[in-house]
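Fold and contact review
The primary structure of each chain is shown beneath.
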Amino acid sequence: MLDNLNNINSEVENEIKSVSDLNGLEEFRLKYLSRKGVVATLFENLKDVPKEEKGRYGKELNELKNLVNNLFEEKKNSLSTSEEKTDIDITLEGRTYNEGTRHLISKALEEISSIFVKIGFKVYDGPEIEDEFHNFDALNTPWFHPSRDMQDTFYLDTKGKDISDKSKTPLLRTHTSPGQVRVMQSHKPPIRIILPGKVFRNEAISARSLSQFHQIEGLYVDKNVTFGDLKGTLDYFAKQFFGNDLKTRMRPSFFPFTEPSAEVDVECFICKGEGCRICKHTGWVEIAGCGMVNPKVFENVGLDPNEYTGFAFGMGIERTIMVKYGIPDIRMFYENDVRFLKQF
Ligand code: DAH
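Only a predicted model underlies this, so the values are computations on that prediction, with no experimental measurement involved. (Residues numbered from 1 in each chain as written. Predicted model: local features only at pLDDT ≥ 70, side-chain atom pairs only at ≥ 80, totals over all residues. Heavy atoms only, no water.)

**Details of the side chain of Thr233**
So the rule is basically this: Secondary structure elements are defined from DSSP: runs of H or I of at least 4 residues count as helices, runs of E of at least 2 residues count as strands, and each element is numbered from the N terminus. Within 3.5 Å is the distance limit for a polar contact, defined as a pair of N or O atoms, with the added protein rule that one can donate a hydrogen and the other accept it, and that residues adjacent in sequence qualify only through two side-chain atoms. Whether two residues are in contact is decided by their heavy atoms, any of which lying within 4.5 Å being enough.
Secondary-structure assignment places Thr233 in helix α8 (residues 227-242). A distance of 2.6 Å separates the side chain of Thr233 from the backbone oxygen of Asp229, its partner in a polar contact. If near-sequence neighbours (up to four positions away) are discounted, Thr233 is found in contact with Phe116, Ile119, Phe121 and Phe311.

In structure tokens, the structure reads:
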């Protein structure tokens, strides 16, 4: 009887080797593992085995059963994985994914901020929805002031709201300057901050202007801050951002919140001052307004103009990037054409 089991052992091992597909495996299962199969039949026979051999026979029969089950499972696994593998054509070309990158405006805001952070400026954030007080009144621009016509404002819907206090009328900020007011109201000098962000103006859309763009505001308030500090700071910025060989210049200008005021030009990056379409043949491109904080503004935010002086500047980001990379049309920033964006 035991010899018989040993023969079956080697027979099973040989047979499983020759199984090469799922049909062959099913035949193997029917022969050995089904209800009328070899293993079940051998268990049936157990009752005819002489008493003294029963123990050993039973043990070896169990081992045979385990062996057959194991061989069956192993074969099943190897057949199913190899059949799956045959479905994959490893010679096919893979799919390519286009990885996104940061938008060039976000990158420029970061780069410009880090240039100022290196010389001790902190980055602040002001709200995009402002009110008349912060956007205009506190900045020495009351409602009748002619410069309010320069910035066509998007006012928000005030239907059903109490706006008896006109200075609380909500609007989309037309510049980042109201952030200056908020910082001066909440911090004691020395204040050295920049405020990057979106601004909104009701403008006709063209190659040079959009109704939404970005600015970075700068403010430095302390005792004895001078116009020389302002000039040195902006010069440092221009050299870091545009490179050492471009000149900057300041032209006298007017802003209600600074006195004196100036506009900052950088030598045209494209023609290096020769004159081209980008710089309207002047050789210079305007990138910022600036000046010494008007004493009236200090009074409006509760700082003593006899104790403190300060400088401020506001820079147009799209304009600045256009100068640096020679981008001819401001609308390209927002069209999301990947062929354009990919270049930066
Ligand atoms: N807010 C001005 C504008 O949007 C720019 C500006 C000019 C900001 C002079 C300043 C400044 O802080 O001092 O046109």
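**Here we look at the packing of aromatic side chains**
Threshold: Under the pairing criterion, centres of Phe, Tyr and Trp rings, with the six-membered ring standing for Trp, must be within 6.5 Å; the plane angle then separates stacked pairs below 30 degrees from edge-to-face pairs above 60, leaving the rest tilted. Think of it in three bands: with a 1.4 Å probe and only protein chains considered, a residue is buried below 20% of the maximum accessible area for its type, exposed above 50%, and partly exposed in between. Should the NZ of a Lys or the CZ of an Arg lie within 6 Å of a ring centre and within 35 degrees of the ring normal, that charge is described as sitting over the ring.
Under the defined criterion, the tally for this structure stands at 14 aromatic pairs. Judged by centre distance (5.8 Å) and plane angle (25 degrees), the ring pair of Phe255 and Phe257 falls under stacked. The exposure class of Phe257 is buried, given its relative accessible area of 13%. Ring pairs connect the aromatic residues Phe116, Phe121, Tyr220, Phe237, Phe241, Phe242, Phe311 and Phe313, which therefore count as one cluster. For the cation-ring pair, Lys324 lies above Phe241, with the distance from its terminal atom to the ring centre recorded as 4.1 Å.

**Describing the sheet that holds strand β9 (residues 309-316)**
Quick reminder of the rule: We treat two strands as partners when DSSP finds at least two bridges between them. Structural elements are reduced to axes, namely lines fitted to C-alpha atoms, with helices fitted over the stretch in contact, and the angle between N-to-C directions of any two is expressed from 0 to 180 degrees.
Strand order in the open sheet formed by seven strands is β1-β4-β5-β9-β8-β7-β6, with mixed pairing between adjacent strands. The sheet is open, and its two borders are formed by β1 (122-123) and β6 (248-255), each paired with just one other strand. Where strand β7 (residues 258-267) meets strand β8 (residues 284-293), eight bridges bridge the pair, whose relative direction is antiparallel. When the bridges of β8 are listed, Ala262 appears paired with Cys290. Each of β6, β7, β8 and β9 touches α8; the most contacted strand, β9, lies at about 30 degrees to it.

**Quick look at the pairing of β9**
Of all eight residues that make up β9, six are buried, and the element is covered over most of its length. The pairing of strand β5 (residues 212-222) with β9 spans eight bridges and is classified as antiparallel. Opposite Asp222, over in β9, you have Thr309 as the bridge partner. Across five bridges, β8 lies against β9 in antiparallel orientation. Its bridge partner lying in β9, Cys290 is registered against Phe313.

**As for the site of the ligand**
The condition is simple: Whether a residue is near a molecule or strand depends on its heavy atoms: it is near if one of them lies within 4 Å of it. To be clear on the numbers: accessible area is Shrake-Rupley with a 1.4 Å probe, and residue cover counts the displayed protein chains and nothing else.
For the ligand, the set of nearby residues contains 16 residues, the closest of which are His175, Gln180, Arg201, Gln215 and Glu217. A distance of 2.6 Å separates an oxygen atom of the ligand from a polar atom in the side chain of Glu217. Between Phe313 and the ligand, the recorded distance is 3.4 Å, taken from a backbone N or O atom to an oxygen atom. When the ligand is considered free in solution it has 360 Å² of accessible area, and contact with the protein chains removes 92% of it.

**Considerations on the domain arrangement of the chain**
Counted only if it meets this: By convention here, the domain bounds are inherited from an automatic or database domain assignment.
What the domain assignment lists for the chain is domain 1 (2-87) and domain 2 (105-341). A C-alpha centroid distance of 84 Å is found between domain 1 and domain 2.

**Quick look at helix α10 (residues 317-325)**
In terms of burial, α10 is a largely internal element, seven of the nine residues being buried. The complete set of buried residues in α10 reads Ile317, Glu318, Thr320, Ile321, Met322, Val323 and Lys324. Gly326, located one to two residues past α10, shows a positive phi value of around 65 degrees.

**Some points on the environment of Ser106**
Mapped onto the elements, Ser106 comes out in helix α5 (residues 104-117). Separated by 91 residues in the primary sequence, Ser106 and Gly197 place their C-alpha atoms 9.9 Å from one another.

**Re the packing of α5 against α10**
To be explicit about the condition: Between 65 and 115 degrees an angle is taken as roughly perpendicular, under 35 as roughly parallel, over 145 as roughly antiparallel, and anywhere else as oblique. Amino acid classes used here: Ala, Val, Leu, Ile, Met, Phe, Trp, Tyr, Cys and Pro are nonpolar; Asp, Glu, Lys and Arg are charged; the rest, including Gly, are polar.
With their axes 10 Å apart at the nearest point, α5 and α10 run at an angle of 95 degrees to one another. Classified by the interaxial angle, the pair formed by α5 and α10 is roughly perpendicular. Facing Leu104, Ile105, Ala108, Leu109, Glu111 and Ile112 of α5, the residues of α10 in contact are Ile317, Glu318, Ile321 and Lys324. By residue class, the composition of the contact of α5 with α10 is seven nonpolar, no polar and three charged.

**Description of the layout of surface pockets**
The cut-off we apply is this: Whether a set of points on the 1 Å grid over the protein atoms alone is a cavity depends on a 1.4 Å probe fitting there but being unable to get out, while an open set qualifies as a pocket with protein on both sides within 12 Å along at least five of seven lines; lining residues are those with an atom within 4 Å of a point. Grid points are joined across faces, edges and corners, and a volume is the space filled by probe spheres set on the points.
Looking at the largest pocket, its volume works out to about 950 Å³. Lining the largest pocket are 43 residues, and of these Arg201, Gln215, Glu263, Glu286 and Arg319 sit closest to its centre. Every element with two or more residues in the lining of the largest pocket is listed here: β5, β7, β8, β9 and α10. At seven residues, β8 tops the list of elements feeding residues into the lining of the largest pocket. Taken together, the residues that form the lining of the largest pocket break down as 19 nonpolar, 14 polar and 10 charged. In terms of lining, the second largest pocket is formed by Asn98, Glu99, Gly100, Thr101, Arg102, His103, Leu104, Val338, Leu341, Lys342 and Phe344. Taken together, the residues of the lining of the second largest pocket break down into four nonpolar, four polar and three charged.

**Re the pattern of salt bridges**
As a reminder of what qualifies: Here, a salt bridge means any side-chain nitrogen of Lys or Arg that lies within 4 Å of a carboxyl oxygen of Asp or Glu.
A full pass over the atoms with the stated rule returns 16 salt bridges. Of the charged contacts in the structure, one is a salt bridge between Arg56 and Glu60, with a shortest N-O distance of 3.7 Å. Pair noted here: Arg56 and Glu60 are both in helix α4 (residues 51-85), with a separation of four residues, about one helical turn. Residue Arg56 is classed as exposed on the basis of its relative accessible area of 54%. The partly exposed category is assigned to Glu60, whose relative accessible area is 23%. A salt bridge links Arg339 to Asp337; the nearest nitrogen and oxygen atoms lie 2.7 Å apart.

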